[in-house]
Amino acid sequence: MTNKYMYFIANWKMFGGLNSLNSLHKVDRFLKNFKKNKSIKLIFCPPSTLIRPMSKKLINSRIEVGSQNCHENEDYGAFTGFVNSKMLKDVGAKYVILGHSENRKCGETNKLINLKVKSALKTGLKVIFCIGETLKEKKRKITNQILSKQIKFGLQKINKKKNILIAYEPVWSIGTGLIPKSKELFTTINFIKKKTKLNVIYGGSVNPKNIHELKSINNIDGFLIGGASQDPKKFIDIIKKTYN
Ligand code: PEP
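Residues numbered from 1 in each chain as written. Predicted model: local features only at pLDDT ≥ 70, side-chain atom pairs only at ≥ 80, totals over all residues. Heavy atoms only, no water.

A. Quick look at the overall build of the chain. Across its full length, the chain holds 10 helices and eight strands. Radius of gyration (C-alpha) of the chain: 17 Å, near the 18 Å computed for a compact globule of 244 residues. Once the C-alpha set of the chain is aligned to its principal axes, its extents read approximately 50 × 45 × 30 Å. Intrachain contacts of the chain at a sequence separation of at least 6 include 72% that bridge at least 24 residues. Counting every atom, the chain has about 12300 Å² of accessible surface; 54% of that belongs to carbon and sulfur. Counting 46 positive and 16 negative side-chain charges, the chain places the centres of these two groups 4 Å from one another. (Helix = DSSP H or I, 4+ residues; strand = E, 2+ residues; numbered from the N terminus. Rg over C-alpha atoms; globule rule 2.2 N^0.38 Å. Contact = heavy atoms within 4.5 Å. Areas by Shrake-Rupley, 256 points an atom, 1.4 Å probe, with all protein chains shown as cover. Lys, Arg positive; Asp, Glu negative; His and termini not counted. Charge placed at Lys NZ, Arg CZ, Asp CG, Glu CD.)

As structure tokens, then:
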């Protein structure tokens, strides 16, 4: 995506039941009263079980709903335990996170992710495409090579990229409390932007304490927030602090 929004995307991972939806109204109320609300996009990606009830709850809200993954097959099929982009769209998802390192770790290859991206875009979902290097790769100073490969093969043969948003998530930063050094992050985001000509957000241990440091990196188009997004107070705090 190349529009000028600041994105705040919540990745709830495998957390949350129906009662977790009760806190959404706090975020919605905050957004409605927030002076910058026209220039920000809030997207919640709950587990698949909550997409429908969450979409219903947010029917009069500017908050949008996304999924955390999808099957690569865009038609129905005999794939026990999976859901495809058509099914996700049907229950209210507008976005899908693809290529998350927790799924790459479970065996998702660039080739498979590429099929998923194509199928999601064809169905009309917007894609939050995750890339990032492991600690080992960072230490070997091959971050740019890894990112280039993930971009090249993950986005292969996709001509229309306008519905893709890149999420740079260093694997060593996810859930660890560690974030990249500001200068390093600026340079990497710049590298990805030059390569893809797309908007790039950052993800990995974003919280109300480190957001001051992160927001000062002025080429970031938003944040993908895991752990901290499950607490509405922390999530709202992150947004507020991005603007003061
Ligand atoms: C994520 O898993 O996408 C993520 C950003 O997690 P956390 O914020 O918990 O590091």
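B. View of the site of the ligand. Close to the ligand lie Asn11, Lys13, His100, Glu169, Ile174, Gly175, Gly204, Ser205, Leu224, Ile225, Gly226 and Gly227, which account for all nearby residues. At 3.3 Å, a side-chain N or O of asparagine 11 approaches an oxygen atom of the ligand. Relative to its unbound accessible surface of 290 Å², the ligand loses 95% to contact with the protein. Residue composition of the shell around the ligand, by class: three nonpolar, seven polar and two charged. (Near = heavy atom within 4 Å. Polar contact = N/O pair within 3.5 Å; in protein donor to acceptor, adjacent residues only side chain to side chain. Nonpolar A, V, L, I, M, F, W, Y, C, P; charged D, E, K, R; others polar.)

C. Broad picture of the packing of helix H1 (residues 24-33) against helix H10 (residues 232-242). Look at H1 against H10: their axes get within 9 Å of each other, and the N-to-C directions meet at 20°. Looking at the two axes, H1 sits roughly parallel to H10. Crossing of H1 over H10 shows right-handed handedness. Together, Lys26, Val27 and Phe30 of H1 and Pro232, Phe235, Ile236, Ile239 and Lys240 of H10 make up the contact between the two elements. When the residues that make up the contact of H1 with H10 are grouped by side-chain class, the tally is six nonpolar, no polar and two charged. (Axes fitted to C-alpha atoms, helices over the stretch in contact; angles between N-to-C directions. Parallel < 35°, antiparallel > 145°, perpendicular 65-115°, else oblique. Left-handed = near helix turned anticlockwise from the far one by under 90°.)

D. A look at the packing of helix H5 (residues 110-123) against helix H7 (residues 143-154). Where H5 meets H7, the axes come as close as 8 Å, and the angle between the chain directions of the two elements is 45°. Taken as axis vectors, H5 and H7 run oblique relative to one another. Taken as a pair, H5 and H7 cross one another with a handedness that is right-handed. The segment H5 lies against H7, with Asn110, Asn114 and Val117 engaging Lys149, Gln150, Phe153 and Gly154. Of the residues in the contact of H5 with H7, the class split is two nonpolar, four polar and one charged.

E. The pattern of salt bridges, seen in detail. Inspection of every chain in the model, using the stated rule, returns nine salt bridges. The shortest N-O distance in the salt bridge between lysine 122 and glutamate 74 comes to 2.9 Å. Of the two residues, lysine 122 is situated in helix H5 and glutamate 74 in the loop between strand E3 (64-67) and helix H3 (85-90); the sequence distance between them amounts to 48 residues. The exposed category is assigned to lysine 122, whose relative accessible area is 66%. For lysine 241, the salt bridge identified is with aspartate 237, shortest N-O distance 3.6 Å. With a gap of four residues between them, lysine 241 and aspartate 237 both fall in helix H10, about one helical turn apart. A network of salt bridges, in which partner residues are shared, links Lys4, Lys193 and Asp221. (Salt bridge = Lys/Arg side-chain N within 4 Å of Asp/Glu carboxyl O. Buried < 20%, exposed > 50% of the residue type's maximum accessible area, 1.4 Å probe, protein only.)

F. Focus on the nonpolar core. The biggest cluster of nonpolar side chains holds 57 residues, and the ones touching the most others in it are Phe8 and Phe223. Once residues within four sequence positions are removed from consideration, phenylalanine 8 is found in contact with Ile40, Lys41, Leu42, Ile43, Phe223, Ile225, Phe235, Ile238, Ile239, Thr242 and Tyr243. Ranked by size, the runner-up nonpolar core spans 12 residues in total, among them Ile9, Tyr95, Cys130 and Ile201. (Core = buried A, V, L, I, M, F, W, Y, C linked by side-chain atoms within 4.5 Å.)

G. Local environment of the pairing of strand E5 (residues 126-131). With respect to burial, E5 is a largely interior element, five of its six residues being buried. Two strands pair when backbone bridges link them, and strand E4 (residues 95-98) and E5 are joined in this way by four bridges, in the parallel orientation. Note that in E5 the partner of valine 96 across the bridge is valine 127. As defined by bridge partners, E5 adjoins strand E6 (residues 164-168) across five bridges and the pair is classed as parallel. (Pairing = 2+ DSSP bridges.)

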